[in-house]
Structure formats: structure tokens, C-alpha cells
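One-letter residues, chain by chain:
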Amino acid sequence: MNTSSFFRSGIAVLGVFCALFAGCGGRTSSSTEPVASTDSVVFSGRSALVDSLWAIPDSMLYGRACGMGQSAMTFVTDAGDTLDLAFSDDEGREAQIIGDREDSARYVVTLTADKEGIKRMINISQLDRHMTGYALWNGHLALLNAEGELRLVEVETLTDDAFVAVDEDGVRYQD
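Quick caveat, the model's predicted, so the values are computed rather than measured.

The rules behind each value
- Residues numbered from 1 in each chain as written.
- Predicted model: local features only at pLDDT ≥ 70, side-chain atom pairs only at ≥ 80, totals over all residues.
- Heavy atoms only, no water.
- Salt bridge = Lys/Arg side-chain N within 4 Å of Asp/Glu carboxyl O.
- Helix = DSSP H or I, 4+ residues; strand = E, 2+ residues; numbered from the N terminus.
- Buried < 20%, exposed > 50% of the residue type's maximum accessible area, 1.4 Å probe, protein only.
- Core = buried A, V, L, I, M, F, W, Y, C linked by side-chain atoms within 4.5 Å.
- Contact = heavy atoms within 4.5 Å.
- Pairing = 2+ DSSP bridges.
- Axes fitted to C-alpha atoms, helices over the stretch in contact; angles between N-to-C directions.
- pLDDT = per-residue confidence, 0-100.
- Phe/Tyr/Trp six-rings, centres within 6.5 Å; stacked < 30°, edge-to-face > 60°.
- Lys NZ or Arg CZ within 6 Å of the ring centre and 35° of its normal.

Peer 1: Whenever I open this one, the pattern of salt bridges confuses me. Can you help?
Peer 2: Side chains bearing opposite charge may pair, as long as their charged atoms lie close to each other. In the structure shown here, the tally under the stated rule is seven salt bridges. Put simply, Asp-169 and Arg-151 hold a salt bridge, and the shortest N to O gap is 2.4 Å. Of the two residues, Asp-169 sits in the loop between strand E12 (163-167) and strand E13 (172-174) while Arg-151 sits in strand E11 (residues 150-158), which places them 18 residues apart along the sequence. Note on Arg-151: relative accessible area 10%, which makes it buried. Within the structure, one salt-bridge network assembled from shared partners comprises Asp-89, Glu-91 and Arg-93.

Peer 1: Explain the nonpolar core to me, please; I cannot follow it from the model alone.
Peer 2: Taken as a class, soluble globular proteins show a tendency for nonpolar side chains to be buried jointly. In terms of nonpolar packing, the biggest core is built from 16 residues, with Ile-122, Leu-127, Leu-136, Leu-141, Leu-143, Val-155 and Phe-163 touching the most fellow members. Mapped onto this core, the elements with two or more residues apiece are helix H3 (124-130), strand E10 (140-144), E11 and E12. Examining the composition of this core, we find that three residues originate from one element, E11, more than from any other. Once residues within four sequence positions are removed from consideration, Phe-163 is found in contact with Leu-127, His-130, Met-131, Leu-141, Leu-143, Val-155, Thr-157, Leu-158, Tyr-173, Gln-174 and Asp-175. Core analysis: the second largest hydrophobic core is formed by twelve residues, Phe-75, Leu-85, Ala-95 and Met-121 among them.

Peer 1: Where do I start with the sheet that holds E11 in this structure?
Peer 2: Two orientations exist for strands paired in a sheet by backbone hydrogen bonds: parallel and antiparallel. The five strands lie next to each other as E9-E10-E11-E12-E13, forming an open sheet whose pairing is antiparallel. Bordering the open sheet on either side are strand E9 (134-137) and E13, each of which pairs with just one other strand. Direction aside, the axes of adjacent strands within the sheet are offset by 35° on average. One ladder, built from four bridges, connects E9 with E10; its direction is antiparallel. By the bridge assignment, Trp-137 is partnered in E10 with His-140.

Peer 1: I tried to follow the confidence of the model for the protein chain on my own but got confused; where do I start?
Peer 2: Summarising the model, the protein chain shows a mean pLDDT of 76, and 69% of its residues fall at 70 or more. Here helix H1 (residues 3-23) stands out as the least confident element of the protein chain, with mean pLDDT 33; strand E5 (residues 82-86) is the most confident, with 97. Low pLDDT, under 50, characterises residues 1-44; the stretch is placed with 27 contacts to residues that sit more than four places away or in other chains.

Peer 1: Which parts of the structure should I look at to understand the packing of aromatic side chains?
Peer 2: Across all of its chains, the model carries zero aromatic pairs by this definition. When the ring centre of Phe-87 is taken as reference, the NZ or CZ atom of Arg-101 above it lies at 4.5 Å.

Peer 1: Before we go on, may I ask you to explain the pairing of E10 in this structure?
Peer 2: Consecutive side chains along a regular strand alternate between the two faces of the sheet. What sits between E9 and E10 in their antiparallel hairpin is a turn of two residues, with Asn-138 showing a positive phi close to 50°. For E10 and E11, the ladder comprises four bridges, and the chain directions are antiparallel. If you follow Leu-143 over to E11, its bridge partner there is Arg-151. Between the end of E10 and the start of E11, which pair antiparallel, lie five residues, with Gly-148 showing a positive phi angle near 85°.

Below you can see the structure in the form of C-alpha cells.
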């Protein structure tokens with residue numbers, strides 16, 4: 001194959017890829033993917049508890065730990081902001097930490113009112129090792145049940161080796 005035909009083949013493949021990418025808007029379709037509306041996030045198949053949760057604007061920050069200490073961490077958001085955050089609020093209430101504290105892991109956090117501390121922190125690097133078909137909103141985790149509905153869960157265990165959660169009906173999810 002000469003250079004000219006190789007170049008034309010590459011352009012054709014690139015053109016097909018761009019057309020496919022533009023056709024789906026760069027996103028994959030999923031029945032659990034949130035669809036933005038003017039007043040809430042909409043999921044197909046969800047519980048009333050999940051409905052009430054999604055009616056509240058999301059306040060989570062996604063990012064990566066970049067320095068983990070005993071009482072605080074440096075958090076670099078996906079938007080590029082660097083925040084020094086305490087693992088407690090100004091009244092001494094400890095943050096709820098779901099998963100292990102690991103430097104350079106990806107996390108989602110909700111902040112205290114003064115935005116200097118963490119209310120809830122979820123290690124999404126570990127969560128991604130165990131779960132697909134989940135949603136996070138305001139520091140809460142919802143999983144797909146056997147019927148394909150999102151159910152709000154409380155995580156009992158999240159480590160590199162194990163995941164255990166229970167939904168609002170007492171159904172256990174494990175990996």
C-alpha cells in the first residue's frame with residue numbers, strides 16, 4: 001500500500017468515527033443515565049425515595065486526592081480547583097468516608113456549609129472496581145436492582161476486595 005492510499009484510508013476511517021461520535025453526541029445511551037431537565041434529573045425506573053433525592057440540585061464535587069493526611073486532604077477537582085479539606089466540620093463532626101482513604105484515588109465529595117470540610121466522601125476508584133449501573137447524587141449512591149430500578153443504598157463495606165450495600169427495602173448488594 002502506498003502512502004497516498006494509506007492516507008486516504010485513514011481519512012475515511014476518521015470520517016466514519018467522527019460521524020458516529022457526532023451522531024451520539026459523544027455519550028453512550030443507558031436507561032440509568034441521568035437526563036437533565038429544568039427542575040430535576042430523570043431516571044427511568046426508580047423508587048419514590050430516589051425521586052425525592054433527585055429533586056434536590058446536586059452539590060457533589062468529583063476529583064482526585066492529591067495529598068492525604070490523618071485529619072485533612074488536598075483535593076483537586078475535575079474542574080482543576082485545588083481545595084484543602086478537613087475530614088470534619090467546625091463543630092468536630094467526622095466526615096462519613098465510604099471506602100478507603102488512598103492518595104491519588106478518585107473521589108466524590110459533598111462539603112460542609114463553610115466549604116472547608118467534607119460531609120461525605122466516596123472512593124469512586126474502589127466503587128468502579130465492584131459496580132456498574134449506579135448513580136451518585138448529593139453524596140448518595142443508587143444501584144440498579146434485579147428489575148432494573150434504581151434503589152438508594154447504604155454502603156456497609158467498600159474496599160479493594162469487597163463491596164456490600166443494603167437498599168431501602170433491605171435487599172443486599174455484594175461483590
